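Survey of secondary and tertiary structure
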Number of protein chains: 2
Amino acid sequence: MSPKKPLILVTNDDGITAPGIRALIEVMKELGEVIVVAPDSPQSGMGHAITLNDTLFCDELKLTETDKHKEYSCSGTPADCVKIATQEILHRKPDLCVSGINHGSNSSINVIYSGTMSAAVEAGIEGIPAIGFSLNDYSLHADFEPSKAYIKSITQHVIKNGLPKGVVLNVNIPKLTEAEIKGVKICRQAKARWEEEFDKRTSPQGRDYYWLTGEFINEDHGEDTDEWALAHNYISVVPIQFDLTAHHFIQDLNSWDLND
Amino acid sequence: MSPKKPLILVTNDDGITAPGIRALIEVMKELGEVIVVAPDSPQSGMGHAITLNDTLFCDELKLTETDKHKEYSCSGTPADCVKIATQEILHRKPDLCVSGINHGSNSSINVIYSGTMSAAVEAGIEGIPAIGFSLNDYSLHADFEPSKAYIKSITQHVIKNGLPKGVVLNVNIPKLTEAEIKGVKICRQAKARWEEEFDKRTSPQGRDYYWLTGEFINEDHGEDTDEWALAHNYISVVPIQFDLTAHHFIQDLNSWDLND
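Now for a description of the structure that goes with this document. (Residues numbered from 1 in each chain as written. Chains lettered and ligands numbered in written order. Predicted model: local features only at pLDDT ≥ 70, side-chain atom pairs only at ≥ 80, totals over all residues. Heavy atoms only, no water.)

Let's talk about the interface of chain B and chain A
When the parts of a complex come together, some accessible area is lost, and that lost area is often taken as the interface size. Each partner contributes residues to the interface: chain B has 75 residues there, and chain A has 75 residues. Buried surface at the junction of chain B and chain A, summed over both partners, amounts to about 7300 Å²; 64% is from carbon and sulfur atoms. Its largest share of buried area at the contact with chain A, chain B owes to Leu 244, Trp 256 and Leu 258 of chain B, together 10% of the area lost on that side. At the surface where chain B touches chain A, the tally comes to 6 salt bridges. (Contact = heavy atoms within 4.5 Å. Buried area = accessible area lost by both parts, 1.4 Å probe. Salt bridge = Lys/Arg side-chain N within 4 Å of Asp/Glu carboxyl O.)

Considerations on the packing of aromatic side chains
By convention here, two paired aromatic rings are described through the distance between centres and the angle between planes. Counted under the stated rule, the structure contains 8 aromatic pairs over all chains. Here the aromatic rings of Phe 249 of chain B and Trp 256 of chain B are separated by 6.1 Å at their centres, their planes lie at 85°, and the arrangement is edge-to-face. Of the two residues examined, Phe 249 of chain B and Trp 256 of chain B, each falls in the buried class. In this structure, Lys 185 of chain A is placed above the aromatic ring of Tyr 234 of chain A, and the distance from its NZ or CZ to the ring centre is 5.5 Å. (Phe/Tyr/Trp six-rings, centres within 6.5 Å; stacked < 30°, edge-to-face > 60°. Buried < 20%, exposed > 50% of the residue type's maximum accessible area, 1.4 Å probe, protein only. Lys NZ or Arg CZ within 6 Å of the ring centre and 35° of its normal.)

What to know about the relation of the copies chain B and chain A
Expressed as a screw transformation, the operator carrying chain B onto chain A has a rotation angle of 180° and an axial translation of 0.0 Å, and the superposed copies differ by an RMSD of 0.0 Å. When the rotation and shift are considered jointly, the pair of chain copies conforms to a two-fold rotation axis. (Least-squares fit on C-alpha atoms with pLDDT ≥ 70 in both.)

A closer look at the sheet that holds strand β6 (residues 130-135) of chain A
All names here are of chain A. One open sheet holds the 9 strands; their spatial order is β3-β4-β2-β1-β5-β6-β7-β11-β8, and the pairing between them is mixed. What marks the edges here is a single partner per strand, and that holds for β3 (58-60) and β8 (183-186). Each neighbouring strand pair of the sheet contributes to a mean axis angle of 20°, computed without reference to strand direction. Note: strand β1 (residues 7-11) against strand β5 (residues 96-103), 4 bridges, orientation parallel. Paired with Thr 11 across the bridge in β5 is Ser 99. Contacting β1, β2 (33-39), β3, β4 (70-74) and β5, helix α2 (residues 78-89) crosses the sheet at an angle of about 135° to β2. Across the sheet, helix α4 (residues 115-125) is in contact with β1, β5, β6, β7 (167-173) and β11 (234-241); its angle to β6 comes to roughly 170°. (Pairing = 2+ DSSP bridges. Helix = DSSP H or I, 4+ residues; strand = E, 2+ residues; numbered from the N terminus. Axes fitted to C-alpha atoms, helices over the stretch in contact; angles between N-to-C directions.)

Topic: the layout of surface pockets
Put simply, the largest pocket is a space of about 910 Å³. What lines the largest pocket is a set of 39 residues, and nearest its centre among them are Gly 124, Ile 125, Lys 165, Gly 166 and Phe 242 of chain B. If one sorts the elements of the lining of the largest pocket by residue count, strand β9 (residues 192-202) of chain A sits on top with 5 residues. Looking at the lining of the largest pocket, its residues break down into 13 nonpolar, 15 polar and 11 charged. (1 Å grid on protein atoms, 1.4 Å probe; cavity = no way out; pocket = protein on both sides within 12 Å on 5 of 7 lines; lining within 4 Å. Points joined across faces, edges and corners; volume = space filled by probe spheres on them. Nonpolar A, V, L, I, M, F, W, Y, C, P; charged D, E, K, R; others polar.)

A word on the pairing of β7 of chain A
Residue and element names in this part refer to chain A. For β7, the buried fraction is high: 7 of the 7 residues fall into the buried class. Of the two faces of β7, the one holding Val 167, Leu 169, Val 171 and Ile 173 and the one holding Val 168, Asn 170 and Asn 172 are both buried throughout. Pairing analysis gives 5 bridges linking β6 to β7, with the strands arranged parallel. Residue Ile 131 lies in a different strand from β7, and its bridge partner there is Leu 169. Pairing of β7 with β11 involves 6 bridges; the strand directions are antiparallel. Within the sheet, the bridge partner assigned to Val 171 lies in β11 and is Val 237.

What follows is the structure in structure tokens.
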């Protein structure tokens, strides 16, 4: 008897109709039993938002006859999708949760704003091994083909080895052909940031409004960073955690004598 | 000549009309020059969301004649408020950013979902010393008086000492009288989580929908955690960072040989 196939929850933040999640579903179907619970509309930049002050809808989609898996479209955020999938649809923990493939980078500081990664982190909090995949190409016509073999291999390693409690993987893929990609590099998150520039406009009614734009600033040139890896044609894998404690600063803080 | 008063940016996630931000503004006016840029509506559970796919409005409020400071109401998230404050309103970095006082706890894993803390983290990314304050009382009628002396003291320490690059403070205050509060404790983030329970209902039109509810599960009984401090009548101060790299797992990951 062959071992039981792992149950894989697939989600994303670009919405259930995005090409990126279609590519991810295709790869995951080669590795296990797939269930899809994803937002009904794009949720980019949602960070780790959850829906506290509104109702959530979650409807099963009608798929073609040849599809063997189930898909659900949810009105909430990526983190909501993971919560509702485990509690209301599966009624148990899946063996793995994958999120993406995001249209656009979630490397370095982008992880903080990322809906894709928030789904992976939410799964991690619930004790489910989880990976977020992003392709450094914002286009709706992005080519996900070169990513597929790498995504399959990284996922197989996670299925085989598991992940430690409190850790999920943030995988970013450069926009290159398969021949150009040099391989996979384990990295730390580069200390980069966005320098905002707001595009100020005036509405036809005379009210000022803004569009958020910005320039990406990376002053961290460490060769062990995800930005370095991506700029040098590698796929970056950063293990990330959700214990945010800055342990290195606790001793100093204690010397402040806040109780004096 | 007395030294120049620090410029303090005040924001929150409960919205500009919430009693908590009023209490925080009052304390900050004793410590520096205050500017308020806060969401025009409640943003609880927004995590580190930013507004990428919509326009932002940001309007100056008309205050009473006795008010010496300025306030702006913004249609975006707490992180948006910090971005727009520094770039479009102040045109420079404030000396400090404080967020809150949140109506409800942001201790342990709640930091991940917290709009209050996302504002502090956003300021931290921009290199501004930042603190998020939360009172463990969800009521609109919460009593913020017992918090004020502690908030003033912690803020004075931060103004005096600064904070290291990449670190902001997460301060949580128990719902107690001033006499009952035992003091301040520097802590690490407890490894706790929410166990979701969805309240499933049916709309008048016959469509199922859900409300997110849940039970808080804390299996981390360390006496150095924020949950322990709060349960034992202390104010918890957790230094948090936004480099999410799980450095301890990098060596293990390298042994996986992902390039084989």
